[in-house]
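For reference, the chains in residue letters:
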Amino acid sequence: QKEVEQDPGPLSVPEGAIVSLNCTYSNSAFQYFMWYRQYSRKGPELLMYTYSSGNKEDGRFTAQVDKSSKYISLFIRDSQPSDSATYLCAAIFGGGADGLTFGKGTHLIIQP
Amino acid sequence: DVKVTQSSRYLVKRTGEKVFLECVQDMDHENMFWYRQDPGLGLRLIYFSYDVKMKEKGDIPEGYSVSREKKERFSLILESASTNQTSMYLCASSSQMNTEAFFGQGTRLTVV
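Our next topic: the sheet that holds strand E8 (residues 73-78) of chain B. Residues and elements named next belong to chain B. Pairing is antiparallel in the open sheet, where 4 strands are placed in the order E1-E3-E8-E7. In the strand order of this sheet, the two ends are held by strand E1 (4-6) and strand E7 (64-70), each with one partner. Averaged over all pairs of adjacent strands, the angle between strand axes in this sheet comes to 20°, irrespective of strand direction. Here E1 runs beside strand E3 (residues 19-25); their pairing, made up of 3 bridges, is antiparallel. The residue of E3 that forms the bridge with Val4 is Gln25.

Below you can see the structure in the form of structure tokens.
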């Protein structure tokens, strides 16, 4: 079974706030986890990927994976109006040919 | 800069037409994927390919076929377009290690 669950939102926060976006997954065989940002009428843009459990930071973005609880998080610090988009989490087994399993996306709105 | 290019951004086709969606990547990736994205349903995998002339069914292959004659090019074919195939179609590619996937800008197909 391959499922990734994600709250669709919308999630609306004021500019400058810390944003927390979350997903849960059911298959413990997933090894790689990704976050994509998708603006309206555009393709998903890869933000970050992590392997197994742990944290990864890139500028204002931090991705966190807790494999024991099957929980994936993306934190955005000092949020900007340009961060307003749909954020998709995804998981993959890795190391072979297989498609990503996506959450349905969370629509994020940063209010100026 | 990584590049996945889809041949059309917008297409309008008639019911019963045979439709070709083309995707080209310049990253020398082994894996290529076709997804469709619908409101409330998220991204769903149609087909993927891990090598030239190889293809595997994804979660929703019915009504579609694919062709991969060259490593950089992956085509999605709608044999006889129907209105329920109106959707956003997204192509992606990844390396053999399959740890992260890169998407094209998408083709918004309307079948009338």
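Turning to the sheet that holds strand E1 (residues 4-6) of chain A, a few remarks are in order. All names here are of chain A. One open sheet accounts for 5 strands, arranged E1-E3-E8-E7-E6; its pairing is antiparallel. Two strands close off the open sheet at either side, each with one partner strand: E1 and strand E6 (54-58). Each strand of the sheet is rotated relative to its neighbour by a mean of 20°, with strand direction disregarded. In this sheet, strand E7 (residues 61-66) lies alongside E6 in antiparallel orientation, the contact comprising 5 bridges. Its bridge partner being in E7, Asp58 is matched across the sheet by Phe61.

Our focus in this paragraph is the pattern of salt bridges. Residues and elements named next belong to chain B. Applying the stated criterion across every chain, the model contains 9 salt bridges over all chains. Between Glu79 and Lys18 there is a salt bridge whose closest N-O contact spans 3.7 Å. With Glu79 in the loop between E8 and strand E9 (87-94) and Lys18 in the loop between strand E2 (10-13) and E3, this residue pair connects regions lying 61 residues apart in the sequence. Accessibility expressed as a relative area gives 41% for Glu79, which makes it partly exposed. One connected set of salt bridges, linked through shared partners, spans Asp28, Glu30 and Lys71.

Here we take up the environment of Tyr36 of chain A. The residue Tyr36 of chain A is located in strand E4 (residues 32-38) in this model. Classification of Tyr36 of chain A by relative accessible area gives buried; the value is 0%. Considering only alpha carbons, one finds Tyr36 of chain A and Leu46 of chain A, 10 residues apart in sequence, at a separation of 4.5 Å. Here the side chain of Tyr36 of chain A touches Ala101 of chain B through a polar contact of 2.5 Å, landing on its backbone oxygen.

Our next topic: the state of the cysteines. Such a bond, covalent and formed between the sulfur atoms of two cysteines, is termed a disulfide. All names here are of chain A. Scanning the entire structure with this criterion turns up 2 disulfides over all chains. Between the sulfur atoms of Cys23 and its disulfide mate Cys89 the distance is 1.9 Å. Judged by the sign of its S-S torsion, about -105°, the cystine formed by Cys23 and Cys89 is left-handed. On the criterion of sequence distance, the pair formed by Cys23 in strand E3 (residues 19-25) and Cys89 in strand E9 (residues 85-92) is long-range, its members being 66 residues apart. Look at Cys89 and you get buried, because its relative accessible area is 0%.

Conventions we followed
Residues numbered from 1 in each chain as written. Chains lettered and ligands numbered in written order. Predicted model: local features only at pLDDT ≥ 70, side-chain atom pairs only at ≥ 80, totals over all residues. Heavy atoms only, no water. Pairing = 2+ DSSP bridges. Helix = DSSP H or I, 4+ residues; strand = E, 2+ residues; numbered from the N terminus. Axes fitted to C-alpha atoms, helices over the stretch in contact; angles between N-to-C directions. Salt bridge = Lys/Arg side-chain N within 4 Å of Asp/Glu carboxyl O. Buried < 20%, exposed > 50% of the residue type's maximum accessible area, 1.4 Å probe, protein only. Polar contact = N/O pair within 3.5 Å; in protein donor to acceptor, adjacent residues only side chain to side chain. Disulfide = S-S within 2.5 Å.

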